[in-house]
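# Structural description and commentary
Next come the chains, spelled out residue by residue.
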Amino acid sequence: MPLTVLTASQDGVGGRFIGPDPVLMGILNVTPDSFSDGGWYVDRGKAVARAVEMLDEGAKIIDIGGESTRPGSAPVRPDEEMRRVVPVIRGLLEERPGTVISIDTYRSATAEAALEAGASVVNDVSGGTMDERMLPLVARAGCPVVLMHMKGEPKIMQHDPYYRDVVREVRDHLAERAETAMDLGVSRENIVLDPGIGFGKTLLHNLALLKNLEEISGLGFPVLIGTSRKTFIGTLSGVEEASERVAGTVATSVLAYERGARLFRVHDVRENREALQVAVAFERA
Ligand code: HH2
């Protein structure tokens, strides 16, 4: 399903996929161990109810993941990942037909099962680098794909990450991933880029990437940002409990919007939507 699905909404998400307005992607982790909501939505009924709640709060996309990628997390078996996500995708589409669902996975087999079950976007935290079948699958499916930058893999990515120039390296890597995707047949308008906040990055790396986000939005693709409740927000705001890092998250959403981000992967949809509505009005005044 092409990204135009998002343009059909009445409330002004114009353009092909991303118009000038911010698009909220609500996070649904169907995992026992995600860093802020692990274990909450493993039950299918609870997961679907949470997704519906996020849609009602203004999410335009629900991002469903069956494996935690938090720093230090261990991979799950692919069949287990599929077993977690497919019933939730089916259940959500029964409850709310037409929902735009993205599948958060770096495995092509899981992505394929999710697309068959009715997901319409692939969110690959490895940018297509961990499974060589992923980008050809996306090209065949003709669906949008989020290509994220990650240094190393989740198990070891926070072990002293080093960059000479983090902004340039992430930008160049994302430009290369987009080119590779297009060479493999993914159409340009289906590509979304994401600097991968917290994925093999220190606090200073995260700040540099957010502050200089125009370098990445300047590549000409829509940019997605995923800061929601992450560790660096806790460090900066002094809030230890992940689920309470809402205000810090909202601050980063507004700052990233000002620097060109148009998709926001968040747990707290209502708060981020309200703040972004104010930011949009401010920009257009
Ligand atoms: N962050 C996480 C997972 N998927 N996808 C994109 N495109 N961008 C991100 O920044 C991103 C992502 C990690 O956060 P979360 O899902 O909340 O936790 P966990 O990986 O522990 O499930």
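Residues numbered from 1 in each chain as written. Predicted model: local features only at pLDDT ≥ 70, side-chain atom pairs only at ≥ 80, totals over all residues. Heavy atoms only, no water.

## Section: a nonpolar patch on the surface
- A surface patch of nonpolar side chains, about 360 Å² in accessible area, is lined by Leu203, Leu204, Leu207 and Leu236.
- Top element by residues in the nonpolar patch is helix H6 (residues 203–211). It accounts for three residues.
- Within the element layout of this structure, Leu207 appears in helix H6.
- A relative accessible area of 34% places Leu207 in the partly exposed class. (Patch = residues over 30% accessible without salt bridge, like charges linked within 9 Å, V, L, I, M, F, W, Y side chains within 5 Å. Areas by Shrake-Rupley, 256 points an atom, 1.4 Å probe, with all protein chains shown as cover. Salt bridge = Lys/Arg side-chain N within 4 Å of Asp/Glu carboxyl O. Helix = DSSP H or I, 4+ residues; strand = E, 2+ residues; numbered from the N terminus. Buried < 20%, exposed > 50% of the residue type's maximum accessible area, 1.4 Å probe, protein only.)

## Regarding unusual backbone geometry
- One non-glycine residue, Asp160, lies in positive phi territory at about 55°.
- Backbone geometry at Arg229 places phi at a positive 60°, although glycine is not the residue there.
- For Arg229, the location among the structural elements is in the loop between strand E7 (224–225) and helix H8 (231–237).
- Judged by relative accessible area, Arg229 falls into the buried class, the value being 7%.

## Topic: the pairing of strand E2 (residues 61–65)
- The buried fraction of E2 is high, at five of five residues.
- Both faces of E2 are covered, namely the face carrying Ile61, Asp63 and Gly65 and the face carrying Ile62 and Ile64.
- Examined bridge by bridge, strand E1 (residues 23–29) and E2 share five bridges and lie parallel to one another. Across the sheet, residue Ile27 finds its bridge partner in E2, namely Asp63.
- Handedness of the crossover is the feature at issue here: the chain leaves E1, passes through helix H1 (residues 44–56), returns alongside E2, and the resulting connection is right-handed.
- In the sheet, E2 pairs with strand E3 (residues 101–104) via four bridges, with the strands oriented parallel. Counted as the bridge partner of Gly65 is Asp104 from E3.
- Read as a crossover between parallel neighbours, the route from E2 over helix H2 (residues 78–95) to E3 is right-handed. (Pairing = 2+ DSSP bridges. Right-handed = clockwise from strand over helix to strand, strands pointing away.)

## A short note on the site of the ligand
- Residues in contact with the ligand amount to 18 residues; listed here are only the nearest, Ser34, Ser68, Asp194, Lys230 and Arg265.
- In this structure, a nitrogen atom belonging to the ligand sits 2.9 Å away from a side-chain N or O atom of Asp104.
- One of the side-chain nitrogen or oxygen atoms of Asn123 is found 2.8 Å away from a nitrogen atom of the ligand.
- When the free accessible area of the ligand is taken as 480 Å², the share hidden by the protein chains comes to 98%.
- Residues that form the shell around the ligand fall into these classes: six nonpolar, seven polar and five charged. (Near = heavy atom within 4 Å. Polar contact = N/O pair within 3.5 Å; in protein donor to acceptor, adjacent residues only side chain to side chain. Nonpolar A, V, L, I, M, F, W, Y, C, P; charged D, E, K, R; others polar.)

## Focus: the nonpolar core
- Leu28, Ile62, Ile64, Val122, Ile191 and Phe264 are the most contacted members of the largest nonpolar core, which totals 64 residues.
- Among residues more than four places away in sequence, those in contact with Val122 are Ile103, Ala111, Leu115, Met134, Val138, Cys143, Pro144, Val145 and Val146.
- One finds Val23, Met25, Val100 and Val192 within the second-largest nonpolar core, a separate group that totals nine residues. (Core = buried A, V, L, I, M, F, W, Y, C linked by side-chain atoms within 4.5 Å. Contact = heavy atoms within 4.5 Å.)

## Structural notes on the sheet that holds E7
- Strand order in the open sheet made by the eight strands is E6-E5-E4-E3-E2-E1-E8-E7, with parallel pairing throughout. Sheet topology places strand E6 (191–194) and E7 at the edges, where each strand pairs with a single neighbour.
- Lying on the sheet, H2 is in contact with E1, E2 and E3; it crosses E2 at an angle near 155°. (Axes fitted to C-alpha atoms, helices over the stretch in contact; angles between N-to-C directions.)

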